[in-house]
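Structural description and commentary
The primary structure of each chain is shown beneath.
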Amino acid sequence: MTRVILVHGSITDAETTWAPLLAPLRERFDVVLHTRPGYPPRPPVEHTDFEDQADEVSALLADGDHLVGHSYGGVVSLLAAARTTANIASLAVSEPPAFDVARQNPAVAEVVDPLKALLADMPESPREYLAAFLPIVGSSMPLPDPLPPPLEAGTRAAMAERPPWEAEIPLDVLARLPTPKLVMSGGHSAAFDAVCDVLTTSLAAKRITLPGAAHSIPRAPGAAEALIEFIESAT
């Protein structure tokens, strides 16, 4: 059966991030949820780096796999696809915060600058961090009080991550891959649109916009259908 590797973003774990897509994907594919370091059920970490995570995902990939990454997991997936020795069947990313590729766009600075300020004055409480972080990235995720233990653990993991705008995405390497590519955005953020525009053009990728869930693309109406159609067309 065709294998699809799903790499989640920040704050929520793999199961929570991809929950809306799992049932329809599992009807057609062998779905592998990759949990990034620090996120439950993996143990807590003091620091984690997208470079190390990309190596981890790269080692997981096999010929014929389809790689799908959301948000921070999209940055990891872009790096992993560029360095894997496997002949993957497709690469799809949704709103990766690979802000370095569009650093000259003023909208990017409007997101990165407050994120840098947040990291420079890191709140002690995970809930305080979330309250500041979510509006910056345009997430519509409700914020319970107190945070459920899995969400608190995921937030602590996010607080330990190396900033994704420090990632240098090898666009030239990715562009040379014959692998079909898909870039998804939510149509809610000029900064994420700028990143997705650069990726789409540089990688000759298919581009779709899935409004309705802001940055939480896996929860957007039509996300499952769009992803399934892309994977099946690339299989």
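So, a few notes on the structure that sits alongside this text. The residue numbering used here restarts from 1 in each chain and proceeds along that chain's sequence as written. For this predicted model, a pLDDT threshold of at least 70 governs which residues receive local features, and a threshold of 80 or more governs which side-chain atom pairs are given and counted, while totals over whole chains, interfaces and linings are taken from all residues. Note: side-chain values were computed over all heavy atoms of the structure, leaving out hydrogens and water.

What follows concerns the pairing of strand β5 (residues 181-185). Looking down a regular strand, the side chains alternate between one sheet face and the other. Counting buried positions along β5 yields five of five residues, so the element is predominantly enclosed. Three labels apply to residues, based on accessible area from a 1.4 Å probe with only protein chains included: buried if under 20% of the type maximum, exposed if over 50%, partly exposed otherwise in between. Counting from the N terminus, the helices are DSSP H or I runs at least four residues long and the strands are E runs at least two residues long. On β5, burial covers both faces: Lys181, Val183 and Ser185 on one face and Leu182 and Met184 on the other are all buried. Of the pairings in the sheet, the one linking strand β4 (residues 90-94) to β5 comprises four bridges and is parallel in character. From the neighbouring strand, leucine 91 faces β5, where its bridge partner is lysine 181. Here β5 pairs with strand β6 (residues 206-209) via four bridges, running parallel. Each bridged residue has a counterpart across the sheet, and for valine 183 the counterpart in β6 is arginine 207. Strand pairing follows a simple DSSP-based rule, namely that at least 2 bridges must link the two strands.

Pairing of aromatic rings covers Phe, Tyr and the six-membered ring of Trp, with a centre-to-centre limit of 6.5 Å; geometry is then stacked below 30 degrees between planes, edge-to-face above 60, and tilted otherwise. Inspection of the entire model under this criterion finds three aromatic pairs. Arranged with centres 5.3 Å apart and planes meeting at 45°, the rings of phenylalanine 99 and phenylalanine 192 form a pair that is tilted. Placement of the pair is phenylalanine 99 in the loop between β4 and α4 (106-120) and phenylalanine 192 in helix α8 (residues 190-203), with a sequence separation of 93 residues. There is no split in this pair, since phenylalanine 99 and phenylalanine 192 are both buried. Pairing tyrosine 129 with phenylalanine 133 gives two aromatic rings, centres 5.4 Å apart and planes at 15°, and the pair type is stacked.

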